[in-house]
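Observations on the three-dimensional arrangement
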Amino acid sequence: MRSKGLTTMRILKALAVAATVTLGGLTSPALAAGEAPPPPDTRFSFDGFFGTFDRGSLQRGFQVYKEVCSACHAMRQLSYRNLLDIGLTEEQVRALAAQFTVTDGPNDEGNMFERPARLSDRFRRPFANEQAARAANNGAYPPDLSVMVKARPNGADYLYALLTGYKDPPAGFQMQDGMNYNEWFPGHQIAMPNVLNDGQVDFADGTQATVSQMARDVTTFLAWAAEPELETRRQMGVKILIFLAILGGLVYATKRKVWADVKH
Amino acid sequence: MGMGLHNSEVKNPVLRWVDQRLPVVTMIQKEYGTFPTPRNFNYFWNFGALAMINLAIMIATGVFLAMNYTPHTAMAFDSVERIMRDVNYGWLIRYVHMNGASMFFIVVYIHIYRGMYYGSYKTPRELLWMLGVVIFLLMMATAFMGYVLPWGQMSFWGATVITNLFSAVPLIGPEIVTWLWGGFSVDNPTLNRFFSLHYLLPFVITGVVFLHVAALHVTGSNNPLGIEPKDKQDTLPFHPYYTIKDSVGIVAYLAVFAFLVFFMPNYLGHPDNYIPANPLSTPAHIVPEWYFLPFYAILRAVPDKLGGVVLMFASILVWFALPWLDTSKVRSMRFRPIARIFLFLWVISFFVLMYVGARPAEQPYVFIGQLATAYYFLWFLVLLPLLGRLEKPLPLPESISRAVLGARAALPGGGPVPAGAAAKPMDKA
């Protein structure tokens, strides 16, 4: 028993070392890439192992995306039907989709035609292609936001920090033409201007549209967009870990019984 | 019996009919039922079974991913996102496959370390060990090509960097690279062939795993003492003793796996791979997946491109020679107090290389990487051959049963035989 305990300890120690080194190794590219410091930790409803998306925040965040961000940023992985998941009713989403016009076709005469968007349509993209987007944005290409939260280290914290991080450049800082100073953007020069100003949107639920509120809500919305399965995943994970804990207890007890009269 | 039928002892008439014509039941009974297994395994001996399970999980999830994946540069990224969003439980299948690759390497690294610490590579198990190294090389190729398939930034740039290594080959290097790419850069033909090979290689791995296990069942397993079983006292039938002990390991392994999949599925990945591949924009730092970092660090430890490539391949190929580099008559490091220390240092050098591999190629990381690389090879090429000759090992126990049971080993034991144990274990004490 003694030697077995020691071996187990040794395995655990080895795993702990592996985990520590891996952890250190993996966070490093983020630091190395960052001529910007790591973003401060912001509390979100979906944080931690059991967090869920605040439905009110998701709906407000979608409103911010729709009224502000979507002027330049596409979300091509999302369809209007996905909005049913953030707590909107089917009528609401149908009406919302119908506000957008999409190109369909060809029809029986071989012509493309325009029609109101349906639940099954992808979010309408602000520009026809990358060239059009660059032409309209001083040469910069506003990236697609569908999985943005997964595409940056500490994605949600970073986006919130970025959206609230516009400042005047420090004295002596050389800015390029048309660029904006942002505390949290790598290199501090970002093509995107500061688009959030207090009172920018009118929230139907009466929430005050401060910059930090809008940034928090739209970040929540983008986190959901990147990982719409997050809540299901965590709920399933809890069930599976409980199952494995019980199974593990039973299997270990069986092992003890089988080995009970064998010295080893 | 006559008619050339196998003399089956199976009771069930249907199974018996099959077994007489194709003795699979007899074989399973022999290889996984009564198979005499050293009685003194510790939990390190779980990892072969875990690797087998992991391979099965990877193939099972991979088959379903392939049903929904599109290997085209314009569609690959979106098809993966579609799996994540619109395929029923697609996110689960993909996250299991993605984290399954990491789990596979964790399991196999521990399995390899087990072999190194307890001298499992030594005669008569040299070929068993070498087949294991072949499996590891095939795993590396498979994992590398699999990482390319989602066609994110790291997929594309990782593929570019690694395929470009072959350009260091003298004279025909550039031609080899063009041949690998199927064009003049990593592009659609590259993605297509990587997908094809990524689907093929796991079945090649399965074949070599079969050989690995077949070779194991000729020599039998090594054990923590590193001495061969001498009589029945030293072994237990594989079932139920090790089927149940492996089951404990499997549940623990599944718990770690599940925790990764359900609570931190992207922790071991790189955020850049959620940016669609863009040949016109190079990421600030191109880093491989964590399990390749030590070898990546060795590659970058040498200022010369060809030298780095040679050293990187040599760092794994040297494993093939391990049975002959280790000159000690004693297998288990339990009895080699000096060599053991240097082996631990080697493990540390491996982790240091992993750390350095993730850092940018600048000082002091380059120098630390060079030191760790030097020690990595020093261990295999100098210390191990020398220590085998110089070190006086601790005295070995007479037999496994003596070490486990003490002086009473010779006494015949009683005790109940567990139902289902086909062979009567003569070794209860």
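All figures in this text were calculated on a predicted structure; none of them were measured in a lab.

1. Quick notes on the interface of chain B and chain A
Listed per partner, the contact involves 61 residues of chain B and 54 residues of chain A. Overall, the association of chain B and chain A removes approximately 5,100 Å² of surface from exposure, summing both partners, and the carbon and sulfur fraction of that is 70%. At the junction of chain B with chain A, the criterion picks out two salt bridges. Of the charged contacts, one joins A:Arg81 and B:Asp86 as a salt bridge, the two residues approaching to 3.1 Å between their closest N and O atoms. Where chain B touches chain A, the interface holds seven residue pairs in polar contact (both at pLDDT 80 or more). Residue contributions to the side of chain B that touches chain A peak at 15 residues, all from helix H10 (residues 238–263) of chain B. Residues belonging to the side of chain B that touches chain A are distributed by class as follows: 45 nonpolar, six polar and 10 charged.

2. Regarding the pattern of salt bridges
Residues and elements named next belong to chain A. By the definition in use, this model includes 23 salt bridges over all chains. Among the ionic pairs, Asp217 bridges to Arg60, the shortest N-O distance being 2.7 Å. Here Arg60 lies in helix H2 (residues 55–67) and Asp217 lies in helix H6 (residues 211–226), a separation of 157 residues in the sequence. Residue Asp217 is classed as buried on the basis of its relative accessible area of 0%. Accessibility expressed as a relative area gives 12% for Arg60, which makes it buried. The shortest N-O distance in the salt bridge between Arg76 and Asp144 comes to 3.7 Å. Of this pair, Arg76 sits in the loop between H2 and helix H3 (90–98) while Asp144 sits in the loop between helix H4 (130–136) and helix H5 (155–163); the two residues are 68 residues apart in sequence, bridging distant segments of the chain.

3. A word on the packing of aromatic side chains
All told, the structure shown has 55 aromatic pairs over all chains when counted by the stated rule. When the centroid spacing of 5.3 Å and the interplanar angle of 70 degrees are considered together, the rings of A:Trp259 and B:Tyr242 count as edge-to-face. Here A:Trp259 is found in the segment after helix H7 (230–258), whereas its partner B:Tyr242 is found in helix H10 on a different chain. The two residues A:Trp259 and B:Tyr242 agree in class, both being buried. Centre to centre, the rings of B:Tyr376 and B:Phe377 are 5.3 Å apart; their planes meet at 65 degrees, and the pair counts as edge-to-face. Pair check on accessibility: B:Tyr376 and B:Phe377 agree, each one buried. The ring of B:Trp45 has B:Arg114 lying over it, and the distance from NZ or CZ to the ring centre is 4.5 Å.

4. Regarding the environment of B:Ser185
Position of B:Ser185 among the secondary structure elements: in the loop between helix H8 (173–181) and helix H9 (188–219). Separated by 22 residues in sequence, B:Ser185 and B:Thr163 have C-alpha atoms that sit 9.8 Å apart.

5. Observations regarding the nonpolar core
Within the largest apolar cluster, 134 residues are counted, with the highest numbers of intra-cluster contacts made by B:Trp319, B:Trp346 and B:Phe380. Tallying contributions element by element places helix H5 (residues 90–117) of chain B first for this core, with 16 residues. Aside from chain neighbours lying at most four places away, what touches B:Trp346 is B:Met116, B:Trp319, B:Tyr375, B:Tyr376, B:Trp379 and B:Phe380. Residues A:Phe62, A:Phe100, A:Tyr160 and A:Leu230 belong to the second largest nonpolar core, which totals 49 residues.

Criteria and thresholds
- Residues numbered from 1 in each chain as written.
- Chains lettered and ligands numbered in written order.
- Predicted model: local features only at pLDDT ≥ 70, side-chain atom pairs only at ≥ 80, totals over all residues.
- Heavy atoms only, no water.
- Contact = heavy atoms within 4.5 Å.
- Buried area = accessible area lost by both parts, 1.4 Å probe.
- Salt bridge = Lys/Arg side-chain N within 4 Å of Asp/Glu carboxyl O.
- Polar contact = N/O pair within 3.5 Å; in protein donor to acceptor, adjacent residues only side chain to side chain.
- Helix = DSSP H or I, 4+ residues; strand = E, 2+ residues; numbered from the N terminus.
- Nonpolar A, V, L, I, M, F, W, Y, C, P; charged D, E, K, R; others polar.
- Buried < 20%, exposed > 50% of the residue type's maximum accessible area, 1.4 Å probe, protein only.
- Phe/Tyr/Trp six-rings, centres within 6.5 Å; stacked < 30°, edge-to-face > 60°.
- Lys NZ or Arg CZ within 6 Å of the ring centre and 35° of its normal.
- Core = buried A, V, L, I, M, F, W, Y, C linked by side-chain atoms within 4.5 Å.

Any functional reading would require information beyond the geometric quantities listed.
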